[in-house]
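Structural overview for review
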Amino acid sequence: MQQSYRAARCQERINQRVNHMEVFRPPRSCSILYAIIRLVMWLASHFKEDVDAYLNKEQHASAEHALRELDDMLSKYKFMDASLQQRKAKLKSQIPEFKNALSLLQTLKAKKEASEDIQTTFLLSDDVYAKARVPPTENVCLWLGANVMLEYSLEDAVELLTNNLTSSHAILKEIVSDMEFLRDQITTTEVNMARVHNWNVKKVQAAKSNESEN
């Protein structure tokens, strides 16, 4: 009776976590929102051809004020770039895992169709392995994260991992594109900061020159 109660509670916690993951799945509109953010970022950091016009248009009190604003923007770009770097590294580590898992599932399917056992080894502790014989199976358990493992049929598991692998490649491609875009914005912002700084230096020098002449 107690074991049945524990099993029921365990299944209830799993269902809650799965439902939680479904609720917080990112909406499809995120890509549209991010495209809008990219457009705003581009408009904010496009190359400043005329520094005088830029300072007057943005109503900056001084060149120092404009430099602080550009530096703040540069910090945000670098933060976003670091975040994308982490996501890229995580995806690049997950993709081989998906491929290995799919390869294992294909082996299990082939052995199941041939009604053959699998001779393998499993890890007991560091550098300690034990031999095992795995009979043909129709189901496997997959880790979903957050200490959640669910059982799938071989066909469903292959479909799930294939979809995850495909989406991971697509997301990785988007991240690389976003990182290239961010690097362009970082370079443009740094150039703009240099232009504003040089403009301010020349303005100060011109003012001092006029004072000395007077």
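Not measured: the values here are computed from a predicted model.

**Quick look at a negative patch on the surface**
Taken together, the side chains of Glu-113, Glu-138, Glu-155, Asp-156 and Glu-159 present a region of like negative charge at the surface. Considering the arrangement of structural elements, one finds Asp-156 in helix α5 (residues 154-213). Residue class for Asp-156 comes out partly exposed when judged on its relative accessible area of 41%.

**Re the nonpolar core**
Nonpolar side chains in soluble globular proteins tend to end up buried together. Ranked by size, the top nonpolar core spans 31 residues in total, and within it Leu-105, Leu-108, Val-140, Leu-142, Ala-157, Leu-161 and Val-196 carry the most contacts. Of all the secondary-structure elements, those providing two or more residues to this core are α4 (63-114), β3 (139-145) and α5. By residue number, the principal contributor to this core is α4, which donates 14 residues.

**A look at the environment of Leu-67**
With respect to the helices, strands and loops of the structure, Leu-67 is situated in helix α4. Measuring from C-alpha to C-alpha, the distance between Leu-67 and Arg-195 comes to 9.9 Å, with 128 residues separating the pair along the chain. Once residues lying within four places of it in the same chain are set aside, the contact partners of Leu-67 are Met-193, Val-196 and His-197.

**A few points about a nonpolar patch on the surface**
A contiguous nonpolar surface patch, about 260 Å² in accessible area, is contributed by Phe-122, Leu-124 and Val-128. Relative to the elements of secondary structure, Leu-124 occurs in strand β1 (residues 118-125).

**What about the pairing of β1?**
Sheet analysis places β1 next to strand β2 (residues 128-134), joined by seven bridges and oriented antiparallel. Looking at the pairing, Ser-125 lines up with Val-128 of β2. Where β1 folds back onto β2 in an antiparallel hairpin, the turn is made up of two residues, including Asp-127, whose phi is positive at roughly 65 degrees.

**Side note on unusual backbone geometry**
At Ser-115, a position not held by glycine, the phi torsion is positive, near 55 degrees. The topology assignment puts Ser-115 in the loop between α4 and β1.

**Comments concerning the environment of Leu-154**
Among the structural elements, Leu-154 can be located in helix α5. Residues Leu-154 and Leu-105, spaced 49 residues apart in sequence, show a C-alpha to C-alpha distance of 6.8 Å. Discounting residues that sit within four places of it in the chain, Leu-154 has contacts with Leu-105, Leu-108, Lys-109, Lys-112, Thr-137, Glu-138 and Val-140.

Cut-offs applied
Residues numbered from 1 in each chain as written. Predicted model: local features only at pLDDT ≥ 70, side-chain atom pairs only at ≥ 80, totals over all residues. Heavy atoms only, no water. Patch = residues over 30% accessible without salt bridge, like charges linked within 9 Å, V, L, I, M, F, W, Y side chains within 5 Å. Areas by Shrake-Rupley, 256 points an atom, 1.4 Å probe, with all protein chains shown as cover. Salt bridge = Lys/Arg side-chain N within 4 Å of Asp/Glu carboxyl O. Lys, Arg positive; Asp, Glu negative; His and termini not counted. Charge placed at Lys NZ, Arg CZ, Asp CG, Glu CD. Helix = DSSP H or I, 4+ residues; strand = E, 2+ residues; numbered from the N terminus. Buried < 20%, exposed > 50% of the residue type's maximum accessible area, 1.4 Å probe, protein only. Core = buried A, V, L, I, M, F, W, Y, C linked by side-chain atoms within 4.5 Å. Contact = heavy atoms within 4.5 Å. Pairing = 2+ DSSP bridges.

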